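As a plain string of letters, each chain reads:
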Amino acid sequence: MSGSKKNSCENNSLIRIENVWKKYDMEKSEPLVVLKEINLHIKENEFVAITGPSGSGKSTMVHIIGALDRPSFGKVYLKNKNIAEMSESSLAFLRGKTIGFIFQQFNLLPTLTALENVMLPMEIIDLPEKFARERAIKLLTSLGLGERLNHKPSQLSGGQQQRVAIARALANKPEVILADEPTGNLDSKTGKFVMDFLGELHEQGTTVILITHDLNLVNYAKRVVHLKDGMIEQEIHNTHRK
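Chains are numbered independently. Their residues run from 1 in the order of the written sequence. For a predicted model such as this one, the threshold for reporting local features is a pLDDT of at least 70, and the threshold for listing and counting side-chain atom pairs is 80 or more; totals across whole chains, interfaces and linings nevertheless cover every residue. Excluded from the side-chain calculation are hydrogens and water; included are all heavy atoms of the structure.

Asks: Requested: an account of the overall build of the protein chain, with residues and values cited.
Replies: Comment: elements are numbered from the N terminus, with helices defined as DSSP H or I runs of at least four residues and strands as E runs of at least two. Along the backbone of the protein chain there are 7 helices and 10 strands. Reported as C-alpha extents along the three principal axes, the dimensions of the protein chain are approximately 50 × 45 × 40 Å. Buried means the residue's accessible area, taken with a 1.4 Å probe over protein chains only, is under 20% of the maximum for its type, while exposed means over 50%, and partly exposed covers the values in between. In the protein chain, which comprises 242 residues, the share counted as buried stands at 48%. Contacts are assigned to residue pairs that have any heavy atoms within 4.5 Å of one another. Restricting the contact set of the protein chain to residue pairs at least 6 apart, pairs at least 24 apart contribute 67%. Computed by Shrake-Rupley with a 1.4 Å probe, the accessible areas treat only the displayed protein chains as cover when residues are assessed. When the accessible surface of the protein chain is split by element, carbon and sulfur atoms take 49% of a total near 12,500 Å². Charge centroids of the protein chain, computed over 31 positive and 28 negative side chains, lie 3 Å from each other. Positive charges come from Lys and Arg, negative ones from Asp and Glu, while His and the chain ends are left out of the count. A charged residue contributes its charge at one atom only: NZ of Lys, CZ of Arg, CG of Asp or CD of Glu.

What follows is the structure, encoded as structure tokens:
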């Protein structure tokens with residue numbers, strides 16, 4: 001690849017992972033290496049699925065891709081910024097503006113209402129409270145939760161909690177949605193709703209990164225990255241996309 005083409009590819013990448021290793025020091029044994037020689041570029045408006053068996057490194061990939069953790073070796077760039085060179089506060093702000101997270105366990109704060117949970121990401125980046133409230137109401141209403149604004153997570157079903165989590169992920173109009181096993185705790189009908197919704201977001205221009213062990217879900221993606229033993233075993237372009 002020529003220098004100009006390489007630079008063009010890098011500039012078009014929202015997330016670049018270059019020769020990344022992740023290991024954890026163990027007190028009484030050799031270090032535990034969970035990612036090895038990971039190279040991955042994720043461009044604007046891609047739908048990428050990252051899959052693999054249990055223990056393949058998927059959970060660690062979530063933290064690396066989402067700039068929630070720093071690699072032991074190698075470099076991670078978020079919007080062409082090396083996260084290793086950023087302060088925690090600057091990284092948190094960039095991450096909050098760029099990436100919306102959807103997790104299997106929902107990760108809603110139990111003491112906050114649905115409305116307050118969705119407002120929280122906007123408050124973290126200092127958006128005005130009135131704006132945050134209006135946007136949160138709009139998002140929750142669009143997801144069929146207009147009558148559940150003041151309900152706390154314990155008062156909502158699993159499917160309703162996941163919809164609150166989706167609204168929260170969309171709060172700051174992120175360029176990337178990072179969904180980690182988003183249907184894992186849902187029935188098949190609600191799971192299909194979540195995946196169809198992610199597909200619609202992608203069609204509207206959002207980059208979607210799906211982490212899953214469910215091979216039925218990878219059919220939503222255009223590119224599938226398969227992990228095995230902490231390494232990228234293969235990467236294919238999906239011709240069976242839904």
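Asks: Requested: an account of a nonpolar patch on the surface, with residues and values cited.
Replies: Together, Tyr 24, Met 26 and Leu 32 make up an exposed nonpolar region whose accessible area comes to about 270 Å². Within the secondary structure, Tyr 24 is located in strand β1 (residues 13-24). Given the relative accessible area of 35%, Tyr 24 is considered partly exposed. Patch criteria: residues need more than 30% relative accessible area and no salt bridge. Like-charged residues are merged within 9 Å; nonpolar side chains of Val, Leu, Ile, Met, Phe, Trp and Tyr are merged within 5 Å. One speaks of a salt bridge when a side-chain nitrogen belonging to Lys or Arg is within 4 Å of a carboxyl oxygen belonging to Asp or Glu.

Asks: I'd like a description of the packing of aromatic side chains, backed by residues and values.
Replies: A ring pair, where both rings are aromatic, is described by two values, the distance of the centres and the angle of the planes. Planes of paired rings set the category: under 30 degrees apart is stacked, over 60 is edge-to-face and the rest tilted, where pairs are Phe, Tyr or Trp rings (Trp by its six-membered ring) whose centres lie within 6.5 Å. Enumeration according to the criterion identifies 2 aromatic pairs in this entry. When the ring of Phe 101 is compared with that of Phe 103, the centres are 5.7 Å apart and the planes differ by 5 degrees; the resulting orientation is stacked. When its relative accessible area of 14% is taken as the criterion, Phe 101 is described as buried. Measuring from ring centre to ring centre gives 6.2 Å for Phe 193 and Phe 197, while their planes differ by 25 degrees; the resulting arrangement is stacked.

Asks: Please set out the sheet that holds strand β3 (residues 47-51) residue by residue, giving values where relevant.
Replies: One open sheet holds the 6 strands; their spatial order is β6-β7-β8-β3-β9-β10, and the pairing between them is mixed. In the strand order of this sheet, the two ends are held by β6 (99-103) and β10 (231-237), each with one partner. Between one strand axis and the next, the sheet turns by 15 degrees as a mean value, whatever way the strands run. Here an angle of 0 to 180 degrees is reported between the N-to-C directions of two axes, which are lines fitted to C-alpha atoms, with helices fitted over the stretch in contact. Running over the sheet, helix α7 (residues 188-203) touches β3, β6, β7 (176-180) and β8 (207-212) and is turned about 135 degrees from β3. Whether two strands pair comes down to DSSP finding at least two bridges between them.

Asks: Report on the sheet that holds strand β2 (residues 32-43), specifying residues and quantitative values.
Replies: The strand order β2-β1-β4-β5 describes an open sheet built from 4 strands, whose pairing is antiparallel. Edge positions in the sheet fall to β2 and β5 (81-82), since each has one partner strand and no second. Where strand β4 (residues 73-78) meets β5, 2 bridges bridge the pair, whose relative direction is antiparallel. What sits directly across from Tyr 77, in β5, is Asn 82. Running at roughly 50 degrees to β2, helix α2 (residues 58-65) makes contact with β1, β2 and β4 of the sheet.

Asks: If you had to explain the pairing of β6 to someone new, which residues and values would you point to?
Replies: With 5 of 5 residues buried, β6 lies mostly within the body of the structure. Alternating residues of β6 divide into Ile 99, Phe 101 and Phe 103 and Gly 100 and Ile 102, and every residue in both groups is buried. Judged from the 5 bridges that link them, β6 and β7 form a sheet pairing that is parallel. Its bridge partner lying in β7, Phe 103 is registered against Asp 180.

Asks: Before we move on, can you summarise the nonpolar core with the specific residues and values?
Replies: Side-chain atoms within 4.5 Å link the members of a nonpolar core, which is a set of buried Ala, Val, Leu, Ile, Met, Phe, Trp, Tyr and Cys residues. Core analysis: the biggest nonpolar cluster contains 40 residues, and Val 118, Leu 140, Val 164 and Leu 198 have the highest contact counts within it. Contributing elements (two or more residues each) for this core: β3, α4 (114-124), α5 (129-142), α6 (158-170), β7, α7 and β8. For this core, the leading source of residues is α6, giving 6 residues. Excluding residues within four positions of it along the chain, Leu 198 makes contact with Phe 47, Ile 102, Ile 177, Ala 179, Pro 182 and Val 208.

Asks: Kindly report on the side chain of Thr 206, identifying the contributing residues and their values.
Replies: You can see Thr 206 is positioned in the loop between α7 and β8. Ignoring any residue separated from it by four or fewer positions in sequence, one finds Thr 206 in contact with Asn 45, Glu 46, Pro 174, Glu 175, Val 176, Ile 177 and Leu 201.

Asks: Help me get a handle on the pattern of salt bridges, residues and values and all.
Replies: Inspection of every chain in the model, using the stated rule, returns 9 salt bridges. The partner of Lys 79 in a salt bridge is Glu 175, and the shortest N-O contact between them spans 2.7 Å. Linking Lys 79 in the loop between β4 and β5 with Glu 175 in the loop between α6 and β7, this pair joins segments that are 96 residues apart in sequence. Exposure remark for Lys 79: the relative accessible area of 35% places this residue in the partly exposed category. Accessibility expressed as a relative area gives 29% for Glu 175, which makes it partly exposed.

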